Amino acid sequence: FPTINVFTDAGRLRHGSLSVDVGLYSDNPKLVAQIKLYAPRLQDAYVTVLQAYAGDLSRTSLVDTDYIATQLQTATDRVLGVKGARVLLGSILLN
């Protein structure tokens, strides 16, 4: 997936951004095919989850990577309708 960028509230008349590198892994060929097919829906679900989380962040906030991973995993399982795809997080940047 491409890097996902969402806006944060950085304070008076400014905004910040949260950037997250997300990938998925599965050793099941059928699930890999399903992931490719559902990629637009997965990306939409990820943006929705991250925007909801980032709305309460400021430039000085600490990012809870465990919470992000859990929420993205839940969104992945919901969109695919089956467990088995693992969410992989790369870099997480808060500006």
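It should be noted that the structure appears before, not after, this text.
Predicted, not measured: the structure shown is a model, and the values here were computed from it.

Chemist: Sorry if this is basic, but what is going on with the overall build of the protein chain here?
Modeler: Along its length, the protein chain carries three helices and three strands. Across its three principal axes, the protein chain shows a C-alpha extent of roughly 50 × 20 × 20 Å. Looking at the protein chain residue by residue over its 95 residues, the buried ones come to 32%. Restricting the contact set of the protein chain to residue pairs at least 6 apart, pairs at least 24 apart contribute 67%. Here the protein chain has roughly 6,100 Å² of accessible surface; of this, 53% comes from carbon and sulfur atoms.

Chemist: Please explain the packing of aromatic side chains as it appears in this structure.
Modeler: Each aromatic ring pair is characterised by the separation of its centres together with the angle its planes make. Enumeration over the complete set of coordinates arrives at two aromatic pairs. Here Phe-1 and Tyr-46 contribute two aromatic rings whose centre-to-centre distance is 5.6 Å and whose plane-to-plane angle is 75°, an arrangement assigned as edge-to-face. With Phe-1 in the segment before β1 (4-9) and Tyr-46 in helix α2 (residues 39-54), this residue pair connects regions lying 45 residues apart in the sequence. A relative accessible area of 34% places Phe-1 in the partly exposed class. According to the relative accessible area criterion, Tyr-46 is buried, its value standing at 0%.

Chemist: Would you explain the side chain of Thr-8 in this entry?
Modeler: With respect to the element layout, Thr-8 can be found in strand β1. Note on Thr-8: relative accessible area 5%, which makes it buried. Excluding residues within four positions of it along the chain, Thr-8 makes contact with His-15, Gly-16, Ser-17, Leu-18, Ala-54, Leu-57, Leu-94 and Asn-95.

Chemist: Where do I start with the sheet that holds strand β2 (residues 15-25) in this structure?
Modeler: Two modes of strand pairing occur in sheets, parallel and antiparallel, and in both the strands are linked by backbone hydrogen bonds. Here we have three strands laid out as an open sheet, ordered β1-β2-β3, and antiparallel in their pairing. Of all the strands in the sheet, just β1 and β3 (86-94) have a single pairing partner and so form its edges. Ignoring strand direction, the axes of neighbouring strands in this sheet form an average angle of 25°. As judged from the six bridges shared by β1 and β2, these two strands associate in the antiparallel manner. Across the sheet, residue Val-6 finds its bridge partner in β2, namely Leu-18. Those strands touched by helix α3 (residues 65-80) are β2 and β3, and its axis lies near 135° from that of β3.

Reading the values: the criteria
For every chain, the first residue of its written sequence is number 1, and the numbers climb from 1 along that sequence. Local features in this predicted model are restricted to residues of pLDDT 70 or higher, and side-chain atom pairs are both shown and tallied only at a pLDDT of 80 or more, whereas totals for entire chains, interfaces and linings draw on every residue. Side-chain metrics in this entry use all non-hydrogen atoms of the structure; hydrogen atoms and water are not considered. Secondary structure elements follow DSSP: runs of H or I no shorter than four residues count as helices, runs of E no shorter than two count as strands, and numbering proceeds from the N terminus. Each residue is placed in one exposure class: buried if its accessible area under a 1.4 Å probe, protein chains only, is under 20% of its type's maximum, exposed if it is over 50%, and partly exposed if it falls in between. Here a residue-residue contact requires only that any non-hydrogen atoms of the pair lie within 4.5 Å. Per-residue and other accessible areas were derived by the Shrake-Rupley procedure at a 1.4 Å probe size, with only the shown protein chains allowed to occlude residues. Each aromatic pair joins two rings of Phe, Tyr and Trp (for Trp, the six-membered one) with centres within 6.5 Å, and gets the label stacked for planes under 30 degrees apart, edge-to-face for over 60, and tilted for any other angle. Pairing between strands requires that DSSP locate at least two bridges from one strand to the other. Lines fitted to C-alpha atoms define the axes here, with helix axes fitted over just the stretch in contact, and angles between the N-to-C directions of these axes take values from 0 to 180 degrees.

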